[in-house]
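One-letter residues, chain by chain:
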Amino acid sequence: MSYRNQRARDLGRAFFINFSMRELENRETPRFMADLFNRYGIRPEEIVAEITEREAVLDINAVQAFAKELTDLGVRLAVDDFGSGFSSFIYLRYFDCYFAKIEGSLVREITRSGRSRMIVENMAKLLQKLSIEVVAEFVENRQTAEILRRAGVRYGQGYYLGMPVRCPGNGD
């Protein structure tokens, strides 16, 4: 099944994992992840590898290789902190991302700043046209959630949507 056709698959449960640039550029990371999947019976399609935009990419070829190896395993990719730096559009060009998480500092301001609202709405529109699922960070009140809903944003994270909770079996 092609990576784009995975969209038809039920999103179900997904675990988002942030990778540092050091991990992305390490050619052993995908092999390490594959070993973990096999050893612990982890389903790769439940994993979303987050590539953060906050760190500069030193070796785009290594990051592309990382992305390809993980997507070949069935892992989905996400651009984290989308809109926080200068590489957002480069990531969209080079990586077949499933998700993009819009930078929380932009989302946080959409109820007070017409400029921030316009930026977020247009970012969401662009990502949707690229068939990338949009996740809004810092959804902290009903008004923000409503603006995002009208913009077609289907996923969010923040205190309005739910407080962080302990993982079961981890010191309940």
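Across its full length, the chain carries 7 helices and 6 strands. Counting from the amino terminus, helix and strand elements in the chain follow one another as β-α-α-β-α-β-α-β-α-α-β-α-β. For the chain, buried positions account for 40% of its 172 residues. Contacts in the chain between residues far apart in sequence, at least 24 positions, make up 69% of those at least 6 positions apart. For the chain, the exposed surface amounts to about 10200 Å²; the carbon and sulfur share of it is 51%.

Another aspect to go through is helix α7 (residues 142–150). Taken as a whole, α7 has its buried residues at T144, I147 and L148. Seen along its axis, α7 keeps its buried residues to an arc of 95°; they face one direction. When the buried face of α7 is taken as reference, the exposed residues oriented beyond 90 degrees from it are R142, R149 and R150. If you follow the buried residues of α7, they end up packed against α5 (104–108), α6 (114–129) and β5 (133–136). Looking at where α7 begins, the residue whose side-chain oxygen comes 3.2 Å from the main-chain nitrogen of Q143 is N141. Following α7 by one or two positions, G152 adopts a phi angle in the positive range, close to 90°.

Here the focus is the pattern of salt bridges. Inspection of every chain in the model, using the stated rule, returns 11 salt bridges. Between E121 and R117 there is a salt bridge, with its nearest N and O atoms 3.1 Å apart. Of the two residues, E121 and R117 are both situated in helix α6; the distance of 4 residues between them amounts to about one turn of the helix. Close ionic contact of E146 with R150 constitutes a salt bridge, the shortest N to O distance being 3.3 Å. Taken together, the positions of E146 and R150, both in helix α7 and 4 residues apart, correspond to about one turn of that helix. What you see here is one network of salt bridges that share partners, running through R43, E45 and E46.

Scoring rules and cut-offs
Residues numbered from 1 in each chain as written. Predicted model: local features only at pLDDT ≥ 70, side-chain atom pairs only at ≥ 80, totals over all residues. Heavy atoms only, no water. Helix = DSSP H or I, 4+ residues; strand = E, 2+ residues; numbered from the N terminus. Buried < 20%, exposed > 50% of the residue type's maximum accessible area, 1.4 Å probe, protein only. Contact = heavy atoms within 4.5 Å. Areas by Shrake-Rupley, 256 points an atom, 1.4 Å probe, with all protein chains shown as cover. Arc of directions from axis to C-beta. Polar contact = N/O pair within 3.5 Å; in protein donor to acceptor, adjacent residues only side chain to side chain. Salt bridge = Lys/Arg side-chain N within 4 Å of Asp/Glu carboxyl O.

Structural measurements only, silent on function.
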